[in-house]
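Here is how the chains run, residue by residue.
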Amino acid sequence: MPDTGTLPAAAASVTQTGPVVIITNRKSGRNSRDRAAVEAAARALGGEIVSFSGGKGLMRAIAQTRARRPSLVVAAGGDGTAMAVANAFLGSDVGFAVLPLGTFNYFARGLGLSEDPQEAAEQLSRGRIIDLRVAQVNGQVFLNNASVGIYPSILKVRETIYQKWGRRRIMAHWSVVKTFLRFRKPMRVRITMDGDGGRYRTALVFVARSAFQLDRFGLEGTDVVRDGGFAVLLVNARTRLELFRRVFKLALGTVEEGVDYDLFAANTLDIDIEGRNRVLLAYDGEKKRTSAPLRFAMSDQVLRVLVPAGDAPDATEKEAS
């Protein structure tokens, strides 16, 4: 059963009215394993490959793909690539699939796809289509999570460090430390959930839509997500030391609801940050500045997602309608 927290409807097969297009980052071609997986997917699905480089390149690749009127588009990459392609094809008749080539691949893994991209390509070749509603914040699709606070700041610092020192794991860790050292005090936020508002002080508001990701980190909220809602986590950290403790416990998988973070369930929510008309938003590993308030809701339209063949989705999950 897909474990993405999305809302499945009836399954169907891909209707071959147009080509199958695989959108992949050109950098993946430098890795023999990833290149072989993309080529295997192209053979298994009878598809053609469209390569891109950089964010603008991805948008051009998506536009080029749309012009081809495909029956199926495959995002070969990580969660950020999958999110951008899903955003472009939401509400269309085009099937959408993910070939996991990224670091975390929470969305693909939540669908039941193998972490091995060549095995995932074979799963897709035998897959089925289900219609899913996906999460949106201010109209922007996200598949796993969106957040404001300390995490978007980490991404901003990390980008600067990468530009200067290169994309190395130690630099990623240093971006976390550097951001924490700059931490002064938590945000003051007003959050309205299903029409009921409240004010909070927190270092991070984390809005989750991936049950797989929550389970991976030992966080509560998987039932909320699987039931079609948003799991809203507020980190309890008012000082730099408390923030370090929370992250250390997260790494150990020992965080506790009600101690390290508070959990709320919502079907819709708005987030306002005191004193800010524009906020730095992180979503599926990407970031951008956007206008406040942040409005979260599930999409009215569906995404036609190719998933591995298997049993029909659990009847207890809500259907997209």
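Here the structure is a predicted model, which means the values were calculated and not measured.

**Concerning the environment of Ala 76**
Along the polypeptide, Ala 76 turns up in strand 4 (residues 72-77). Residue classification places Ala 76 among the buried positions, given a relative accessible area of 1%. For the pair Ala 76 and Ile 49, spaced 27 residues apart in sequence, the C-alpha separation works out to 9.6 Å. Excluding residues within four positions of it along the chain, Ala 76 makes contact with Ile 22, Ile 23, Thr 24, Asn 25, Val 38, Thr 81, Leu 99 and Leu 101.

**What about the pattern of salt bridges?**
Counted under the stated rule, the structure contains 8 salt bridges. A cluster of three or more residues bridged by salt bridges with shared partners is formed by Arg 246, Lys 249, Glu 256 and Asp 260.

**Regarding the pairing of strand 13 (residues 230-235)**
Counting buried positions over the 6 residues of strand 13 gives 6, a clear majority of the element. Both faces of strand 13 are covered, namely the face carrying Phe 230, Val 232 and Leu 234 and the face carrying Ala 231, Leu 233 and Val 235. Judged from the 6 bridges that link them, strand 13 and strand 14 (residues 261-266) form a sheet pairing that is antiparallel. Across the sheet, residue Leu 234 finds its bridge partner in strand 14, namely Asp 262.

**Focus on the sheet that holds strand 9 (residues 145-149)**
Each strand in a sheet pairs with another by means of backbone hydrogen bonds, the pair being arranged parallel or else antiparallel. Overall, antiparallel pairing links the 6 strands, which are arranged 14-13-12-9-16-17 in an open sheet. Pairing within the sheet leaves two strands with one partner each, and these edge strands are strand 14 and strand 17 (286-291). In this sheet, adjacent strand axes meet at a mean angle of 25 degrees when their direction is disregarded. In terms of strand pairing, strand 9 meets strand 16 (residues 278-283) through 3 bridges, oriented antiparallel.

**Here we look at a positive patch on the surface**
Together, Lys 156, Arg 182, Arg 276, Arg 278 and Arg 289 line one region of the surface with positive charge. Locating Arg 278 in the fold gives a position in strand 16. A residue is classified by how much of its surface remains accessible, and Arg 278, at 47% relative accessible area, is partly exposed.

**A word on the packing of aromatic side chains**
Taken as a whole and assessed by the stated rule, the structure comprises 8 aromatic pairs. Consider the rings of Phe 104 and Tyr 106, whose centres lie 5.5 Å apart with planes at 10 degrees: the pair is stacked. Judged by its relative accessible area of 6%, Tyr 106 is buried. In this structure an aromatic cluster arises from ring pairing among Phe 104, Tyr 106, Phe 212 and Phe 217. Above the plane of the ring of Phe 89 lies Arg 66, whose end atom (NZ or CZ) is 5.5 Å from the centre. One residue, Arg 209, lies across the ring of Phe 230, its end atom 5.9 Å from the ring centre.

**A word on the confidence of the model for the protein**
For the protein, the average pLDDT comes to 86, and 87% of its residues sit at 70 or higher. Looking across the protein, the model is least confident in strand 1 (residues 7-12), with a mean pLDDT of 46, and most confident in strand 7 (residues 135-137), with 98. Residue range residues 312-321 is modelled with pLDDT below 50. Its contacts to residues more than four positions away, or to other chains, number 21 contacts.

**Digging into the pairing of strand 11 (residues 196-202)**
Strand direction decides the pairing type here: strand 10 (residues 187-193) and strand 11, joined by 7 bridges, are antiparallel. The residue of strand 11 that forms the bridge with Thr 192 is Gly 197.

Criteria and thresholds
Residues numbered from 1 in each chain as written. Predicted model: local features only at pLDDT ≥ 70, side-chain atom pairs only at ≥ 80, totals over all residues. Heavy atoms only, no water. Helix = DSSP H or I, 4+ residues; strand = E, 2+ residues; numbered from the N terminus. Buried < 20%, exposed > 50% of the residue type's maximum accessible area, 1.4 Å probe, protein only. Contact = heavy atoms within 4.5 Å. Salt bridge = Lys/Arg side-chain N within 4 Å of Asp/Glu carboxyl O. Pairing = 2+ DSSP bridges. Axes fitted to C-alpha atoms, helices over the stretch in contact; angles between N-to-C directions. Patch = residues over 30% accessible without salt bridge, like charges linked within 9 Å, V, L, I, M, F, W, Y side chains within 5 Å. Areas by Shrake-Rupley, 256 points an atom, 1.4 Å probe, with all protein chains shown as cover. Lys, Arg positive; Asp, Glu negative; His and termini not counted. Charge placed at Lys NZ, Arg CZ, Asp CG, Glu CD. Phe/Tyr/Trp six-rings, centres within 6.5 Å; stacked < 30°, edge-to-face > 60°. Lys NZ or Arg CZ within 6 Å of the ring centre and 35° of its normal. pLDDT = per-residue confidence, 0-100.

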